[in-house]
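Remarks on the overall topology
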Amino acid sequence: VSSITPTALVGTALLCTMSRGVGRADLIRRVSWLREKVLQTGGHVSGFFDFPGELIGEAVNSALTVLGSMVTVVAGLLEPVYIVTPGKHFELSYYRNMCVH
């Protein structure tokens, strides 16, 4: 049985934005929703992601670090906005496929 990682959930959430940016709060909300759907359907999440909802932001931070140059951060707004870096959609789809399979 394979587990879905925070990086897979963050990558999936970012790819679902249709190349638009997503604010930090909305990204955390989307990742939380995806995590709940995985658990509701009998899926497994990695042990790192096995903690209360208020710590999902920390898991998102870690995942964004792993994704590195695949994600562009727009700072200087009310909150950071995350955008899939142009030309990196294919690479990011590797993480999305972890959720699909």
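Treat the numbers as computed from the prediction; the structure is a model and nothing was measured.

Here we look at the sheet that holds strand β3 (residues 81-84)
Strands sit in the order β1-β3-β2 across an open sheet of three strands; the sheet is antiparallel. Strand pairing shows two members of the sheet lacking a second neighbour, β1 (22-23) and β2 (71-74), which therefore form its edges. Bridge count for β2 against β3 is four bridges, and the pairing is antiparallel. Residue pairing in the sheet places Val71 in a bridge with Val84 of β3.

Notes on the pattern of salt bridges
Overall, the coordinates contain four salt bridges when judged by the stated rule. Across the pair Lys88 and Glu91 runs a salt bridge, and its minimum N-O distance is 3.3 Å. With a relative accessible area of 22%, Lys88 lands in the partly exposed category. Overall, the relative accessible area of 38% leaves Glu91 in the partly exposed class.

Description of the nonpolar core
Of all hydrophobic cores here, the largest spans 24 residues; its most connected members are Val10, Leu14, Leu27, Val31, Leu64, Leu67 and Leu92. Contributing elements (two or more residues each) for this core: α1 (6-15), α2 (24-40), α3 (56-67), β3 and α4 (89-100). Per-element tally for this core: the top contributor is α1, with six residues. Not counting residues within four places of it along the chain, the set of residues in contact with Val10 comprises Leu27, Val31, Val60, Ala63, Leu64 and Leu67.

Quick notes on the environment of Val60
Inspection of the secondary structure assignment puts Val60 in helix α3. C-alpha separation for the pair Val60 and Val10, spaced 50 residues apart in sequence, amounts to 6.6 Å. Those residues in contact with Val60, other than ones at most four positions away along the chain, are Val10, Arg24, Leu27, Ile28 and Val31.

Quick notes on the packing of α1 against α2
Running from N to C, α1 and α2 cross one another at 120°; their axes reach a closest spacing of 9 Å. As α1 runs across α2, the sense of the crossing is right-handed. Of the residues in α2, those in contact with Leu9, Val10, Thr12, Ala13 and Leu14 of α1 are Leu27, Arg30, Val31, Leu34, Arg35 and Val38.

Some points on the side chain of Thr85
Take Thr85: it is sitting in the loop between β3 and α4. By relative accessible area, Thr85 is classed as buried at 15%. In this structure the side chain of Thr85 is engaged in a polar contact, spanning 3.4 Å, whose partner is the backbone nitrogen of Val71. Once you skip the residues sitting within four places of it in the chain, Thr85 turns out to touch Ser69, Met70, Val71 and Thr72.

Quick notes on the rules
Residues numbered from 1 in each chain as written. Predicted model: local features only at pLDDT ≥ 70, side-chain atom pairs only at ≥ 80, totals over all residues. Heavy atoms only, no water. Pairing = 2+ DSSP bridges. Helix = DSSP H or I, 4+ residues; strand = E, 2+ residues; numbered from the N terminus. Salt bridge = Lys/Arg side-chain N within 4 Å of Asp/Glu carboxyl O. Buried < 20%, exposed > 50% of the residue type's maximum accessible area, 1.4 Å probe, protein only. Core = buried A, V, L, I, M, F, W, Y, C linked by side-chain atoms within 4.5 Å. Contact = heavy atoms within 4.5 Å. Axes fitted to C-alpha atoms, helices over the stretch in contact; angles between N-to-C directions. Left-handed = near helix turned anticlockwise from the far one by under 90°. Polar contact = N/O pair within 3.5 Å; in protein donor to acceptor, adjacent residues only side chain to side chain.

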